[in-house]
Amino acid sequence: MQEKLIDGKAIAEQIKKEIAAETAAIIDAGKRAPHLAAVLVGNDPASETYVASKEKACRQVGITSSTYRLPEKTSEKELLNIINFLNKDEEIDGFIVQLPLPAHLNADSIIEHINPHKDVDGFHPVNTGRMMAGLPSYLPATPFGIIELLHRSGIQTAGKHVVVIGRSNIVGTPVSVLLSRKSPKGNATVTLCHSQTVNLPELTKQADILIAAIGVPSFVKADMVKHGAVVIDVGIHRITDDKAEKGYVIKGDVDFDEVVKVASRITPVPGGVGPLTIVSLLSNTLAANQKKIYQ
Ligand code: NAD
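### Notes on the overall build of the protein chain
Point 1. Within the protein chain one finds 10 helices and 10 strands.
Point 2. By the compact-globule yardstick of 19 Å for 295 residues, the protein chain fits well, its C-alpha radius of gyration being 19 Å.
Point 3. Considering only C-alpha atoms, the protein chain reaches an extent of 50 × 40 × 35 Å along its principal axes.
Point 4. Taking all 295 residues of the protein chain together, 50% fall into the buried category.
Point 5. Contacts in the protein chain between residues far apart in sequence, at least 24 positions, make up 69% of those at least 6 positions apart.
Point 6. Accessible surface for the protein chain amounts to roughly 14,200 Å². Of this, 54% is attributable to carbon and sulfur atoms.
Point 7. When the 32 basic and 32 acidic side-chain charges of the protein chain are each reduced to a single mean position, those positions are 4 Å apart.

So this is what it looks like as structure tokens:
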């Protein structure tokens, strides 16, 4: 079984080493370190965990990180004041506004206020539009991570049939666009499935590469997967389990124990796509510092 696993943790560590080397070279040249900021509104536990992991990853590679923690009741005007400040601050290369935001704040309208040159999450319509057009842009972290995971695991995408389940703006839709692009890490034929798809298993069984980004624990069963397919599980769910040391276990959108028997390669959860997501954010921050996307 071990040989089937796509080790996201190891790949993420390798990319971190590359980022750390590039960051060290910048500092050695007498320039300031790349700087990533995050804005966190409220106390969503998953967001707290993500921001803490981001801070730790930044420390590991020498990227400066700062976090702006705002109370749950922050008004749109107050949040926009912080965004305007970050847009202008020349010491900060890129920043993210951690989602989800409290219900009284409209995420789409908030994101539109981020300077696209600093939008290292790649969520601003200018960046998603540029991605669609095949122009240089910050790629959203999870799709960027999936592409890198496939590439660094030696999994060819050109000419392959990729089936993506889920059409969210942060995972399913952008990963479909990236994999179908005319590019060495794309060139796949992509089918994008969603909640209105009819006969889903018929489509998933045609996949050479199946990407599950549904948000339903253990949704993908073995009888939905072609023998020898590559399976990428994006889902993350904390499932209560009294027998587990922490009182819970982390599961994905794929029924791992069953699907591993038919897949040729598969990402575990945890330790698959997750570690690549934060690393992609670091890559985007470095690119922002080096003005690799926008001059
Ligand atoms: P989302 O809820 O925004 O989107 C889910 C998509 O699945 C929707 O497009 C919907 O149409 C589709 N869907 C739902 N039920 C379906 C069904 N029965 N049949 C077919 N399609 C169906 O979710 P998201 O933000 O894209 O996240 C998906 C999962 O990935 C979640 O578990 C989330 O926690 C996880 N996630 C992980 C990472 C990571 O770093 N690993 C990053 C982002 C999201």
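From this point on, the discussion continues.
### Quick word on the site of the ligand
Point 1. Around the ligand, the structure places 22 residues, and the nearest of them are Arg167, Ser168, Ser195, Val234 and Thr277.
Point 2. In the environment of the ligand, a nitrogen atom lies 3.4 Å from a nitrogen or oxygen atom belonging to the backbone of His194.
Point 3. A distance of 2.7 Å is found between an oxygen atom of the ligand and a side-chain nitrogen or oxygen belonging to Thr277.
Point 4. Relative to its unbound accessible surface of 860 Å², the ligand loses 71% to contact with the protein.

### Some details on the sheet that holds strand β1 (residues 35-41)
Point 1. Overall, parallel pairing links the 3 strands, which are arranged β2-β1-β3 in an open sheet. In this open sheet, the two edge strands, each paired with only one partner strand, are β2 (64-70) and β3 (94-97). Across the sheet, the mean angle from the axis of one strand to that of its neighbour is 15°, orientation sign disregarded.
Point 2. Pairing geometry for β1 and β2, over 7 bridges, is parallel.

### Observations regarding the environment of Lys292
Point 1. Tracing the backbone through its elements, the reader meets Lys292 in the segment after α10 (274-289).
Point 2. Lys292 sits 101 residues away from Thr191 along the chain, and the two C-alpha atoms are 31 Å apart.
Point 3. Setting aside anything within four residues of it in sequence, one finds Lys292 in contact with Glu22 and Ala287.

### A closer look at unusual backbone geometry
Point 1. Following Leu99, the chain continues into Pro100 via a peptide bond in cis, with omega recorded as 0°.
Point 2. In this model, Val269 is joined to Pro270 through a cis peptide bond whose omega is 0°.
Point 3. Along the chain, Pro270 turns up in the loop between β10 (265-266) and α10.
Point 4. One non-glycine residue with positive phi stands out, namely Asn187, at about 60°.
Point 5. Along the polypeptide, Asn187 turns up in the loop between α7 (172-180) and β5 (189-193).
Point 6. Residue classification places Asn187 among the partly exposed positions, given a relative accessible area of 36%.
Point 7. We note that Ser218 has phi near 50°; this positive angle belongs to a residue other than glycine.
Point 8. Using a relative accessible area of 21% as the deciding quantity, one classes Ser218 as partly exposed.

### Here's the deal with α10
Point 1. In this model, α10 (16 residues) spans 24 Å end to end at C-alpha, consistent with the 22 Å of a helix rising 1.5 Å per residue.
Point 2. With 14 of 16 residues buried, α10 is to be regarded as a mostly interior element.
Point 3. Count one or two residues on from α10 and you reach Lys291, which has phi positive near 50°.

### Side note on the pairing of strand β7 (residues 230-233)
Point 1. Burial of β7 is two-sided: the residues Val230 and Ile232 facing one way and the residues Val231 and Asp233 facing the other way are all buried.
Point 2. Strand direction decides the pairing type here: β7 and β10, joined by 2 bridges, are parallel. Opposite Val230, over in β10, you have Arg265 as the bridge partner.

### Considerations on the packing of aromatic side chains
For any two aromatic rings, the description comes down to two numbers: the centre-to-centre distance and the angle of the planes.
Point 1. Counted by the stated rule, this structure contains 2 aromatic pairs.
Point 2. With a centroid separation of 5.9 Å and 55° between ring planes, the pair formed by Tyr138 and Tyr294 is classed as tilted. Here Tyr294 lies in the segment after α10 and Tyr138 lies in the loop between α5 (125-132) and α6 (141-152), a separation of 156 residues in the sequence. In terms of burial, Tyr138 and Tyr294 fall into one category: buried.
Point 3. Sitting above the plane of the Tyr248 ring, Arg238 keeps its charged end 4.1 Å from the centroid.

### Points about the domain arrangement of the protein chain
Many structure descriptions define interface size as the accessible area lost when the parts assemble.
Point 1. For the protein chain, the assigned domains read domain 1 (28-115) and domain 2 (141-274).
Point 2. Distance from the C-alpha centre of domain 1 to the C-alpha centre of domain 2: 28 Å.

### Here we look at the environment of Asp89
Point 1. You can see Asp89 is positioned in the loop between α3 (76-88) and β3.
Point 2. Here Asp89 falls in the buried class, since its relative accessible area comes to 19%.
Point 3. Considering only alpha carbons, one finds Asp89 and Leu105, 16 residues apart in sequence, at a separation of 23 Å.

Parameters at a glance
- Per chain, residues are indexed from 1 in the order of the written sequence.
- Totals for whole chains, interfaces and linings use all residues, but because this is a predicted model, local features are given only for residues with pLDDT of at least 70 and pairs of side-chain atoms are given and counted only at 80 or more.
- Hydrogen atoms and water are omitted, and side-chain values are computed over all heavy atoms in the structure.
- Put simply, DSSP marks the helices as runs of H or I at least four residues long and the strands as runs of E at least two long, and each gets a number from the N terminus on.
- Just to be clear, the radius of gyration here is over C-alpha atoms, and the globule rule we use is 2.2 Å times residues to the power 0.38.
- Remark: exposure states derive from per-residue accessible area (1.4 Å probe, protein chains only) relative to the maximum for the residue type, with buried under 20%, exposed over 50%, and partly exposed in between.
- In what follows, residue pairs with any heavy atoms lying within 4.5 Å of each other are defined as contacts.
- The method behind every accessible area is Shrake-Rupley, applied with a 1.4 Å probe, and residues are considered shielded solely by the protein chains displayed.
- In this charge count, Lys and Arg are treated as positive and Asp and Glu as negative; neither His nor the chain ends contribute.
- By convention, the charge on Lys lies at NZ, on Arg at CZ, on Asp at CG and on Glu at CD.
- Residues are labelled near a given molecule or strand when at least one of their non-hydrogen atoms is within 4 Å of it.
- Polar contacts, as used here, are pairs of N or O atoms within 3.5 Å; protein pairs need one atom able to donate a hydrogen and one able to accept it. Residues neighboring in sequence count only if both atoms are side-chain atoms.
- When DSSP locates at least two bridges between a pair of strands, those strands are taken to pair.
- Axes here refer to lines fitted to C-alpha atoms; in helices the fit is confined to the stretch in contact. Angles between the N-to-C directions go from 0 to 180 degrees.
- Multiply 1.5 Å by the residue count of a helix minus one, and that product is the helix's expected span.
- Any two of the Phe, Tyr and Trp rings considered here, Trp counted by its six-membered ring, make a pair once their centres fall within 6.5 Å; the pair's planes then place it as stacked at under 30 degrees, edge-to-face at over 60, or tilted in between.
- Here, over-ring charges are defined by two tests on the NZ atom of lysine or the CZ atom of arginine: distance to the ring centre within 6 Å, and angle to the ring normal within 35 degrees.
- Each domain span listed reflects an automatic or database assignment of domains.

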